[in-house]
Structures are given as C-alpha cells and as structure tokens.
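Structural overview
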Amino acid sequence: MEFFILLKAIILGIVEGLTEFAPVSSTGHQILVDDMWLHSAQVLGSKESANTFKIVIQLGSILAAAWIFRHRFVDMLSFKAERGTHRLKLSHIIVGLLPAGIAGLLFDDFIDEHLFSVPTVLIGLALGAILMIAADIYAKKVQQPQTVDSITYRQAFIIGLVQILALWPGFSRSGSTISAGVLTKLDHKAASDFTFMMAVPIMAAASAKSLISNYQYIYADQTWFYILGFIFAFVFGVLSIKLFLELINRVKLIPFAIYRLILVAIIAVLYFGFGIGKGI
C-alpha cells in the first residue's frame, strides 16, 4: 500500500490511542476525523471495512489499558484483593459492567444504524461536557473523596448505569463514568482507575463480538493498514493513560469539557456552514 494510504491508518491509530481513555470520546473523534477528512472507507473499499478497522485499532487501546493495570487484574483474578487490604474486587467490576453490557446487547444494532453520524456525535460531545462540568462543581463540596479501594457496590452500580450514556457516540465512556464516580464521592484518580479497569472487559467483549460479525471485511492486501493502526493505537494508548492518570487529580474534568464544547462549535461551523464531511 502507498505511504499516504498507510499514513491514514497511523493517524487513525494515534487518534484512537489518544482519545479512547480521555473524557473526549474516541468514537466521536474517529467519526469526525475519518468521515470529514480521511475517508478510510474509500481506501478499504466499503463502510463495513472501515468500521472493522476501527474495531481492530480499538483492541490496541484495550490492550494498552490491560497492560497498565496488569498487576491489578492479576491480584483480582487471584483473589488477593479478597484477603489483603485492597477492597476493589473483581465483583465490583462485574457489577459496574452489567447495566451497559445489557443495554449494549439490546440496542447495538439501533446504535450502529442511527447514531454514527457527525450531528449525533456533536450532541453527545455537548451533553457529555455538561455532565463533566456538573461533576466538577459537585466535587468541590466533597470534603474527603474516596480512593478506588474504598469503592462500594452501590457506587459501582451507579457508575455502570451512567455508562449506558456512553453508548451514544460522542458522549464518551470515560467522560460519563469518571463523572459518575466523582458524583458518588470518589476522587478523580479513583474514578479514572475504576473506569479504565472496567473498560477492559466490556470493550474487549464488544470488540470481539463486532470483529466476529465483520471479519469477512478484512482483506489480505490491507494487512499493513490494520497492523499499523493497531500498533499506534496501543503505543499512544499507553502514553495517554499514563499521562492522564498523572494529571487528572490536578486538572479535573472541566478543561476537557471546555475542549469538547470548543470542538463542537468548530465542527458545527465546518459541517453545517461549509458542508465539510456531508454526503460521505
């Protein structure tokens, strides 16, 4: 494949890695960047192939999160959390996964058919930003926010319920669940840790389901396109998670919310005012 074609895979992989776990919506950014500028469907031959590519590179981001939290997962799977001082258990993750997992199974086809467009992403970005601002305002009233190891099943379930909002492209899984964690009195770092660990199994399951359904759209002559996208999504996923976890207790959510609102304004002007990305 030509270099400039492969460069599209690299760019999409970087976008996926940088945005998957930041509260800005990776799906929203993928739709905006690809539909408005890169048009991977033209490179790969069909919209189905382009969507399958996005599933593959999302697996790169999932692997990044699994790598960052590998010690936590090993502890939970070996039940060390049950015997030791850590209170976060695998059962907390499962409780948090149930609401969105059930909703995803029920509405997956509807979401794929009706919600993957630039206008719906803009709505999700704006509404998600409002939720994040509300969470930060509430956090100022909390005297002693909790750590991830003091999370309760009630908190995990509430976070899981709010995660349903992330099924709307643009809303952001991490944006909605971190906000929910903060609103249940976790500190920002604790909410982020729980969000990222909870994301690994649900995203892996959703991606595997989609990949099994769409594997026929992966062609041998496009192998390097997929490989490069996956690698760059993994590398930039690792970097972005580490940086985000270092900064989140200091910067909170409002700066990300402001970025989302500015992005909505810019894309709305380009899309509705100049027609960029329409008809794709």
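Before going into details, it helps to say that this report is about the structure given with it. Since this is a predicted model, take the numbers as computed values, not measurements.

**Some points on the packing of aromatic side chains**
Scanning all chains against the criterion turns up nine aromatic pairs. When the ring of Phe21 is compared with that of Phe196, the centres are 5.2 Å apart and the planes differ by 70°; the resulting orientation is edge-to-face. Pair noted here: Phe21 is in the loop between helix 1 (3–19) and helix 2 (26–38) and Phe196 is in helix 11 (residues 188–214), with a separation of 175 residues, a long-range link. You'll find Phe21 and Phe196 in the same group, each marked buried. With 6.3 Å between their ring centres and 15° between their planes, Phe232 and Phe236 make a pair best called stacked. Of this pair, Phe232 and Phe236 are both found in helix 12 (residues 223–251), four residues apart, which corresponds to roughly one turn of the helix. For Phe232, a relative accessible area of 25% translates into the label partly exposed.

**A few points about unusual backbone geometry**
Its identity as a non-glycine residue notwithstanding, Ser172 has a phi of 90°, on the positive side. Looking at the element boundaries, Ser172 is found in the loop between helix 9 (153–163) and helix 10 (173–183). Given the relative accessible area of 4%, Ser172 is considered buried. With a phi close to 60°, Lys252 is a non-glycine residue in the positive phi region.

**Some words on helix 10**
Extensive coverage of helix 10 is indicated by the burial of nine of its 11 residues. Taken together, the buried positions of helix 10 are Ser174, Gly175, Ser176, Thr177, Ile178, Ser179, Ala180, Gly181 and Val182. Among the structural elements, helix 8 (118–139), helix 9, helix 11 and helix 12 are those in contact with the buried residues of helix 10. Downstream of helix 10 by one or two residues, Lys185 has phi in the positive range, about 80°.

Parameters and conventions
- Residues numbered from 1 in each chain as written.
- Predicted model: local features only at pLDDT ≥ 70, side-chain atom pairs only at ≥ 80, totals over all residues.
- Heavy atoms only, no water.
- Phe/Tyr/Trp six-rings, centres within 6.5 Å; stacked < 30°, edge-to-face > 60°.
- Helix = DSSP H or I, 4+ residues; strand = E, 2+ residues; numbered from the N terminus.
- Buried < 20%, exposed > 50% of the residue type's maximum accessible area, 1.4 Å probe, protein only.
- Contact = heavy atoms within 4.5 Å.

Limitation: the analysis is restricted to geometry and does not speak to function.
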